[in-house]
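# Examination of the molecular architecture
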Amino acid sequence: MQLKVSDTVHTHLRDAILAGELAPGAVVPSERELSERLGVNRHAVREAISRLQQARLVQVSHGGPTRVLDWQAT
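Reading the values: the criteria
- Residues numbered from 1 in each chain as written.
- Predicted model: local features only at pLDDT ≥ 70, side-chain atom pairs only at ≥ 80, totals over all residues.
- Heavy atoms only, no water.
- Salt bridge = Lys/Arg side-chain N within 4 Å of Asp/Glu carboxyl O.
- Helix = DSSP H or I, 4+ residues; strand = E, 2+ residues; numbered from the N terminus.
- Axes fitted to C-alpha atoms, helices over the stretch in contact; angles between N-to-C directions.
- Parallel < 35°, antiparallel > 145°, perpendicular 65-115°, else oblique.
- Left-handed = near helix turned anticlockwise from the far one by under 90°.
- Contact = heavy atoms within 4.5 Å.
- 1 Å grid on protein atoms, 1.4 Å probe; cavity = no way out; pocket = protein on both sides within 12 Å on 5 of 7 lines; lining within 4 Å.
- Points joined across faces, edges and corners; volume = space filled by probe spheres on them.
- Nonpolar A, V, L, I, M, F, W, Y, C, P; charged D, E, K, R; others polar.
- Buried < 20%, exposed > 50% of the residue type's maximum accessible area, 1.4 Å probe, protein only.

Once that is clear, we can look at the pattern of salt bridges. For the structure shown, the criterion picks out six salt bridges. Note that Arg51 and Asp7 form a salt bridge whose closest N and O atoms lie 2.6 Å from each other. Of this pair, Arg51 sits in helix α3 (residues 42-54) while Asp7 sits in helix α1 (residues 5-18); the two residues are 44 residues apart in sequence, bridging distant segments of the chain. One network of salt bridges, in which partners are shared, links Glu31, Arg42 and Arg46.

This brings us to the packing of α1 against α3. α3 packs onto α1 with a crossing angle of 50° between their chain directions and a minimal axis gap of 8 Å. When the axis of α1 is compared with that of α3, the two are oblique. Where α1 crosses over α3, the handedness of that crossing is right-handed. Contacts from Val5, Ser6, Asp7, Val9, His10, Leu13, Arg14 and Ile17 in α1 reach Ala44, Val45, Glu47, Ala48, Ile49, Arg51 and Leu52 in α3.

Any empty space left between the atoms is revealed when a probe the size of a water molecule rolls over them. There is about 290 Å³ of room inside the largest pocket. If you go around the largest pocket, you meet 15 residues; those closest to its centre are Glu31, Ile49, Val60, Gly64 and Thr66. Residue assignment for the lining of the largest pocket shows that the elements contributing at least two residues are α2 (31-38) and α3. Per-element accounting of the lining of the largest pocket gives the leading share, four residues, to α3. Residue composition of the lining of the largest pocket, grouped by class: six nonpolar, seven polar and two charged.

What follows concerns the side chain of His10. With respect to the helices and strands, His10 occurs in helix α1. Residue classification places His10 among the buried positions, given a relative accessible area of 9%. Residue contacts for His10: discarding those within four places in its chain leaves Ala48, Arg51 and Leu52.

Mapped onto the fold, Gln72 is located in the segment after β3 (66-68). The class for Gln72 is exposed, based on a relative accessible area of 64%. Spatially, the C-alpha atoms of Gln72 and Gly39 are 30 Å apart, while their sequence positions differ by 33 residues.

As structure tokens, this is what we get:
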């Protein structure tokens, strides 16, 4: 079974959050920046961020930055 691009992006960001590379309160780079940095389309980034939000690892503020939540406290 082949992984979707969004799965790869999700795993990358999730691992960075769980390892503390993106600390609680940190701003997650924008969709545009992540898509350029990771060489993927913005839809894949958007889908991955949505999954992180559902897992309560990030808080998405429409029109504002997406921030890492303190997953250990929640």
